[in-house]
Amino acid sequence: MERVFFYFIAVAIIVFAFMAVTNRNMMRSIIYLLFVLIGVSSIYFMIEYNFLGAVQLTVYAGGIIILYINSIMLIEKIGTPMEKVKTVRKVVAGIISVFGLALTLFAIYSYPFQTVKSGNVTTVSQIGQALLGYGNNGYVLPFEVISILLLAAMVGAIMIAKTEKK
Amino acid sequence: MINGVSIYEILTLTSIMFFIGVYGFFTRKNLIAMLVSVELILNSAAVNFVIINKYMFPGKLGGDIFSIFIIAVAAAETALALAIIINLYRLIMSVKTKDLETMKY
Amino acid sequence: MNLNLMILIPLIPLAVFLLLGIFFRRIKEPVSGYIGVAGLTIVSLISFYIAISYFLDFGLVNGEYQKIIVFRSTWIHFTDNLKIEMGILLDPLSAVMLIVVPLISWMVHIYSLGYMKGEGGFTRFYAFLSLFTFSMLGLVLSVNIFQIYIFWELVGVSSYSLIGFYYKKKSAVLAAKKAFIVTRFADLGFLIGLLILSYFAGTFDFLTLTNLDFIQTLNGQAVTFMGLSVITWALILIFMGGAGKSAMFPLHIWLPDAMEGPTPVSALIHAATMVVAGVFLVARLFPMFYFIEDGIALEVVAYVGAFTTLFAAVIALTQYDIKRVLAFSTMSQIGYMMLALGVSGYGEHEGLGYMASMFHLFTHAMFKALLFLGAGAIIHAVHSNFMQDMGGLRKHLPVTHITFLVAALAISGIPPFAGFFSKDEILAAAFEHNKLIWFTGFIVAGMTAFYMFRLYFRIFWWNDPEYKHKPHEAPKTMTVPLMILAFMAAFSGFIPFSDFVSTDYSPFHTHIEWGLAGASVGIGVLGILLAVLFYKKENDLSDRFARAFGIFYKWTFNKFYIDELYFFITKKIIFKNISAPFAWFDRHIVDGTMNGIGNSTVWISEKIKGLQSGRVQDYAMYFVSGATVISMILWFLLNN
């Protein structure tokens, strides 16, 4: 049952991803991206990383997608399709991508992954303690670095986008 | 751990997603659309972290935490990139890649 | 007696040079002159005090003059065997120069206050004058041959800048270049010579090099090359450098042209001090010249000197530019000094020629500087260098007239003026050693008297032309140095020079050989009488004479076409047959290869510049395909 569901999700992700990068209408492309992100979050839920799935949903689907839609509405006329891409370019890019994909898959399938079976479920409190822990499994330093990065990005975004005073 | 689904299948899925993102990055003619492709690439990488953590080191939290970091970085990156794009639009009234080829020979 | 004071002697002119050179826009006309004169006054007083007390007081110990190294420090230390030292050496030779150089320089500094007044570049002039004084003093005080070489080049540079002082005049620029290139060429010989010498001797130091035992060991172990020992070759090459600086034939061609510089410069550099540097150098290394292989190198010196003295005197007979007459006269007199060194022996009385050479250097500096400064006063009054524009000036320029007459009598060797004594010693020394050289010197003595009095009568008597501007006597700043030098030219002959300078550093006594002296005075008087006949009153005797000699006169007037010969050799032979093919090769083959490389780079980049499209997507494509290919290659390499 889970297997069938996974394949369904996988096919949906691939199809929507492909449509997200080929559709010539910007707004539709964003909505397809939204579907892909939701698909990814459902994979998180399937492997019982509930917190991560929730974060994926809220941050991506709730935050980033809205940001995209806003900026598209600011700068593009909705419904104006993008120009066509030259076929030569499509073919070359496709060949390179398929080639790279083949190489990656070849590498993956020739590596023996040692999988471990376990029923562990990661809880939110575990994640919270790990994020703020400074012991052996603590991640407080990267956490702080990310905080500063976010702060800097926020300040930078404001600085870049704001209108200059005359 | 998804019953009946091996790590190879999930990694195949993420690889395909990654290269779809790469293909999009190569072919799109619009900066925002390129950014969408980058989101795909980032997401596939995040999934990889989580999957490998879950299948191979279930007791640990590293992949989980780093996925969260990736999401945070992606959010920051998106916000900044969109700010740049909006500013650019204000300057040249366009976000098409063909209008941004001034840094060449 | 604090000899450390001597360090100030070269350093004060250097300081003046730096001061005037750095602030030459700030320091206005008369002030820079006063600074220069003040500096030189201090230097002169210190030098005279030290030189005189060296000779009369502390120099002579146990009947021998001491060689005192006042100061010596390592300047560049390469290895323990190869190091270059700078220092100050005090011995009779440098003590004599310590009187000559500062005195003439001092007089010229004062004289230039008047002469250079109102000329552009007054401060520049004094700056270079100080630089020259510094270099010359450093040269004469050198403790080793390398230090001499350094200061040798420095005097060359300052001479170059002063000859080209009127750098807007093309002839002055050309003359400066000529002087620099010719002396540089000669200095190449000097450099090679000193490198060979120091390679075989293992030292630069004068005290070691002139040590008699050391010379004997060198003699014993020297390598031979083309029949002569390499040390002899080195000495001949060093003499080549000296010949270049002292304008010996055939490297003399720069000196007449150097008269393009301001006249005080000609007096200081090209008559009294720098041009005797060659004589000084040979005198410094005299024991080597004399003892290495029984003085073969010294014989070269003697014959070159003798030939030059005759050659220059002949040319001087026919020139019309008064400064050029004096220039050729200078060459002739330096030839005298060289031949005196060349015929000298070693030891008490044997070393008479050496002493006479130094004596003549001393007296010649006095009267030749006086002649030049007098000529400067005349040019200042008449605004022309040519005899044709002069005549009857004795009424207009009384002081110049008298001092010029004193100098002319001195150079002609008429007693009791200074030139008589020194010239007599030279002729006596030559007579003892080599009759041919003596006879040359004897003839030249007559010719010297003739051309000097030709100059004198032509300037001060002859006729009474109408001058556009009435010539007037020079200001006090110019006449006072003339009078001081005239005093020296008249009476410095009475200095008992053999008490001070000798080859073996111990005093000896000389007496005047009245027979020889009478003969040389006689020929001098004959020359003067001829000049009286030809030039006292305006007449066409000299022109008729010139016509009678015809081709020979023409050759002489054109300085035997030596300049033209050099031009022929350099332009027609060296430039055309050697340099031109090299230039072609350089331009077409060497440059062609380089340009070809450049052009093909440009061509290739034109073709491939499309890769640099400015689209980040293209770059990403290149990157991903490159990364794919590389990982594939690595994969297969690592798995097989």
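Up top you'll find the structure we're talking about.
Below, the structure is looked at part by part. (Residues numbered from 1 in each chain as written. Chains lettered and ligands numbered in written order. Predicted model: local features only at pLDDT ≥ 70, side-chain atom pairs only at ≥ 80, totals over all residues. Heavy atoms only, no water.)

### Topic: the overall build of chain B
- Secondary structure assignment for chain B yields three helices and zero strands.
- Its helices and strands taken in sequence order, chain B reads α-α-α from the N to the C terminus.
- By the burial criterion, 62% of the 105 residues in chain B qualify as buried.
- By sequence separation, contacts in chain B at least 24 residues apart represent 58% of the contacts at least 6 residues apart. (Helix = DSSP H or I, 4+ residues; strand = E, 2+ residues; numbered from the N terminus. Buried < 20%, exposed > 50% of the residue type's maximum accessible area, 1.4 Å probe, protein only. Contact = heavy atoms within 4.5 Å.)

### Some words on the pairing of strand β3 (residues 68-77) of chain C
- Where β3 of chain C meets strand β4 (residues 83-90) of chain C, eight bridges bridge the pair, whose relative direction is antiparallel. Across the sheet, the residue bridging to Ser73 of chain C is Met86 of chain C, located in β4 of chain C. (Pairing = 2+ DSSP bridges.)

### Focus on the pairing of β4 of chain C
- Most of β4 of chain C is tucked away: seven of the eight residues are buried.
- Where β3 of chain C folds back onto β4 of chain C in an antiparallel hairpin, the turn is made up of five residues.

### What about the side chain of Gln56 of chain A?
- Among the secondary structure elements, Gln56 of chain A is positioned in helix α3 (residues 50-75).
- A relative accessible area of 1% means that Gln56 of chain A is categorised as buried.
- With sequence-adjacent residues up to four places away left out, Gln56 of chain A is seen in contact with Leu37, Val40, Ser41, Tyr44 and Ala61 of chain A together with Asn43 and Ile71 of chain B.

### What to know about the interface of chain A and chain C
- Taken together, the ten residues of chain A in the interface contact ten residues of chain C.
- For the chain A and chain C pair, buried surface summed over both sides reaches about 830 Å², with 78% attributable to carbon and sulfur atoms.
- Summed over the three residues of chain A that lose the most area to chain C, namely Arg89, Ile96 and Leu103 of chain A, the buried surface amounts to 59% of that side.
- For the interface between chain A and chain C, the tally reads one salt bridge.
- Arg89 of chain A serves as the salt-bridge partner of Asp618 of chain C, at 2.7 Å between the closest nitrogen and oxygen.
- Here chain A and chain C share one residue pair in polar contact (both at pLDDT 80 or more) between them. (Buried area = accessible area lost by both parts, 1.4 Å probe. Salt bridge = Lys/Arg side-chain N within 4 Å of Asp/Glu carboxyl O. Polar contact = N/O pair within 3.5 Å; in protein donor to acceptor, adjacent residues only side chain to side chain.)

### Some details on the interface of chain A and chain B
- On the side of chain B, 72 residues touch chain A, which itself brings 83 residues to the contact.
- Counting each side, the surface lost to burial between chain A and chain B is near 7,200 Å², with a carbon and sulfur contribution of 74%.
- The interface formed by chain A and chain B includes two salt bridges.
- A salt bridge links Glu9 of chain B to Arg3 of chain A, with the shortest nitrogen-to-oxygen separation between them at 3.7 Å.
- The interface formed by chain A and chain B contains 18 residue pairs in polar contact (both at pLDDT 80 or more).

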